[in-house]
Amino acid sequence: MLGQNRDVNIVVGVTGGIAAYKTVHLVRLLTKGGHDVTVVPTADALRFVGLPTWEAISRHPVTTSVHEDVARVRHVALGQAADLVIVAPATANSIAKITAGLADDLLGTTLLATEAPVLIAPAMHAEMWRNRATQANIATLRERGVHLVGPADGELAGGDSGPGRMSEPEEIFAAAQALLAPGDLAGVRVVVSAGGTREPIDPVRFLGNRSSGRQGAALAAEAAARGAEVTLVSANISGDVLADVRHPSIRVVGVGSAIQLAEVMKREAAESDVIVMAAAVADYRPVAVSERKLTKEGGGVPAIELIENEDVVAALASARRPGQLVVGFAAETPEDEAELLARARGKQQRKGVDLLVVNEVGWERGFESAENAVHILGPGGAVAATVSGSKRAVASAIWDAIGRER
Ligand code: CTP
């Protein structure tokens, strides 16, 4: 594992907060873990923990200045050579500076010059953490793919308590190890469809369904976290749900109707190793789409004639190439578990998919909720796993099951 390799270069940025003393222990954990650690404090950080401590603990020279070691272009060299940059503690001020891309010291230039993952451990008073400016900065950093650990809820300097306490060194160390370990989906190309299609009736109306896209979005996020290159084909997923899963390895392609979804999925499937069809695709669409809004003027109740849509997942499964894996979903409203599994097995066979994830839905369950409960059927219809919990936890179990089949 990369995490055990002596050649792993980690830059630990330390900014001016009292929690800097805890970062001494973090640097110790990292060096003990076999990593090569360079500490880059800000000038303010040195008021809390002095330079000799950082040099002794990291066994490397430490400076805050971009004007030292100029011959080796240290201000960018550190960032270029880093496999991971950690900022702990990250004060509200330093978070604002990172967000703005300021480069007025060695930590700023290092962060701008690096393409390595960046992990920040915020530490500040609860009011400062909750402040809209800080929250907007955090949202921007997340959107750029910066990883966060904490802050924890607990006792703060001065006797206050609330969110803002820097995570413990052990927790930051574990987050760092997770970022350094190559994911089990590294190099795997994945396409996930999610959301629900809308079948137009006229320019303002459609036939749709209640799928929020949360489970599919969680599948995309989990795949990206495990190292996959992900395309999320989003059928009418809300901006809020999409905002939660922003990741540098997730490309989002928006679609509206079943016909559009089919076209995009066929194109994306050609480039993918795993196809996951979590979208709720309308089985039927109106035969005719009115160019103008239907009105009551003519009198009478309009009859909308429907025509069947193509079964997209069945088409993808029958066209799959060797080594490609196709995962379908089934949403059922059964009388009991036996009927749920029987219907799911029938669907798995009819559609020809390798794995089928089945969940029970109803008026109160399955759709907008953050939780889900599913059975995962493996090839042949055997139950490979039964899981319930957050949609992210369910996504994790689904990728584990996919991993066992690849
Ligand atoms: N699906 C699809 N194309 C369709 C309908 C469904 O690709 N036209 C896919 C869904 O994305 C899902 C799976 O088929 O992966 C099962 O969807 P579901 O709605 O449960 O099944 P249906 O085929 O619609 O069967 P029924 O409505 O009869 O239960």
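As a reminder, the structure under discussion sits directly above these lines.
Note that the coordinates shown come from a computational prediction; the quantities given were computed from them, not determined experimentally.

Draft legend 1. Layout of the overall build of the protein chain. Assigned secondary structure in the protein chain consists of 14 helices and 19 strands. If you line up the protein chain on its principal axes, its C-alpha atoms span 80 × 50 × 45 Å. Of all 406 residues assigned to the protein chain, the portion counted as buried reaches 49%. Within the protein chain, counting contacts between residues at least 6 apart in sequence, those at least 24 apart form 70% of the total. Approximately 19,800 Å² of the protein chain is accessible, and the part contributed by carbon and sulfur atoms is 50%.

Draft legend 2. The arrangement of the environment of Ala 303 in detail. Among the secondary structure elements, Ala 303 is positioned in the loop between strand E14 (284–286) and strand E15 (306–308). In sequence terms Ala 303 and Val 27 are 276 residues apart; their C-alpha atoms lie 70 Å from each other.

Draft legend 3. Highlighting the pairing of strand E11 (residues 229–235). The element E11 is largely enclosed, with a buried count of six among its seven residues. For strand E8 (residues 189–195) and E11, the ladder comprises seven bridges, and the chain directions are parallel. Bridge pairing in E11 places Arg 189 opposite Glu 229. The pairing of E11 with strand E12 (residues 250–255) spans six bridges and is classified as parallel. Across the sheet, Val 233 pairs through a bridge with Val 253, a residue of E12.

Draft legend 4. The pattern of salt bridges, seen in detail. Under the counting rule described, the total for this entry stands at 18 salt bridges. Between Lys 351 and Asp 311 there is a salt bridge whose closest N-O contact spans 2.7 Å. Of the two residues, Lys 351 is situated in helix H13 (residues 337–351) and Asp 311 in the loop between E15 and helix H12 (312–318); the sequence distance between them amounts to 40 residues.

Draft legend 5. Region of the structure containing the sheet that holds strand E2 (residues 36–41). Taken in spatial order, the five strands line up as E2-E1-E3-E4-E5 in an open sheet, and their pairing is parallel. Strand pairing shows two members of the sheet lacking a second neighbour, E2 and strand E5 (147–148), which therefore form its edges. Strand direction decides the pairing type here: strand E1 (residues 9–14) and E2, joined by six bridges, are parallel. The residue of E2 that forms the bridge with Gly 13 is Val 40. The sheet contacts of helix H4 (residues 92–100) involve strand E3 (84–90) and strand E4 (118–122), and relative to E3 the element is tilted by about 140 degrees.

Draft legend 6. Broad picture of the site of the ligand. Taken together, 15 residues lie near the ligand, and Ala 279, Val 313, Phe 329, Lys 347 and Lys 351 sit nearest. In this structure, a nitrogen atom belonging to the ligand sits 2.9 Å away from a main-chain N or O atom of Glu 310. Here an oxygen atom of the ligand sits 2.7 Å away from a polar atom, N or O, in the side chain of Lys 347. For the ligand, whose free accessible area comes to 570 Å², the fraction covered by protein is 79%. Those elements that provide at least two residues to the shell around the ligand are H12, strand E16 (325–332) and H13. It is E16 that provides the largest number of residues to the shell around the ligand, a total of four residues.

Draft legend 7. Region of interest: the packing of helix H9 (residues 214–225) against helix H14 (residues 391–405). The interhelical angle for the contact between H9 and H14, taken along N-to-C directions, is 60 degrees, at an axis separation of 8 Å. As the angle between them shows, H9 and H14 are arranged oblique. H9 and H14 meet at a crossing whose hand is right-handed. In this structure, H9 contributes Arg 214, Gln 215, Ala 218, Leu 219, Ala 221, Glu 222, Ala 223 and Ala 225 to the contact, and H14 contributes Lys 391, Arg 392, Val 394, Ala 395, Ser 396, Ile 398 and Trp 399. For the contact of H9 with H14, the per-class residue count stands at nine nonpolar, two polar and four charged.

Conventions we followed
- Residues numbered from 1 in each chain as written.
- Predicted model: local features only at pLDDT ≥ 70, side-chain atom pairs only at ≥ 80, totals over all residues.
- Heavy atoms only, no water.
- Helix = DSSP H or I, 4+ residues; strand = E, 2+ residues; numbered from the N terminus.
- Buried < 20%, exposed > 50% of the residue type's maximum accessible area, 1.4 Å probe, protein only.
- Contact = heavy atoms within 4.5 Å.
- Areas by Shrake-Rupley, 256 points an atom, 1.4 Å probe, with all protein chains shown as cover.
- Pairing = 2+ DSSP bridges.
- Salt bridge = Lys/Arg side-chain N within 4 Å of Asp/Glu carboxyl O.
- Axes fitted to C-alpha atoms, helices over the stretch in contact; angles between N-to-C directions.
- Near = heavy atom within 4 Å.
- Polar contact = N/O pair within 3.5 Å; in protein donor to acceptor, adjacent residues only side chain to side chain.
- Parallel < 35°, antiparallel > 145°, perpendicular 65-115°, else oblique.
- Left-handed = near helix turned anticlockwise from the far one by under 90°.
- Nonpolar A, V, L, I, M, F, W, Y, C, P; charged D, E, K, R; others polar.

Interpretation note: all reported values are geometric properties and have no functional meaning in isolation.
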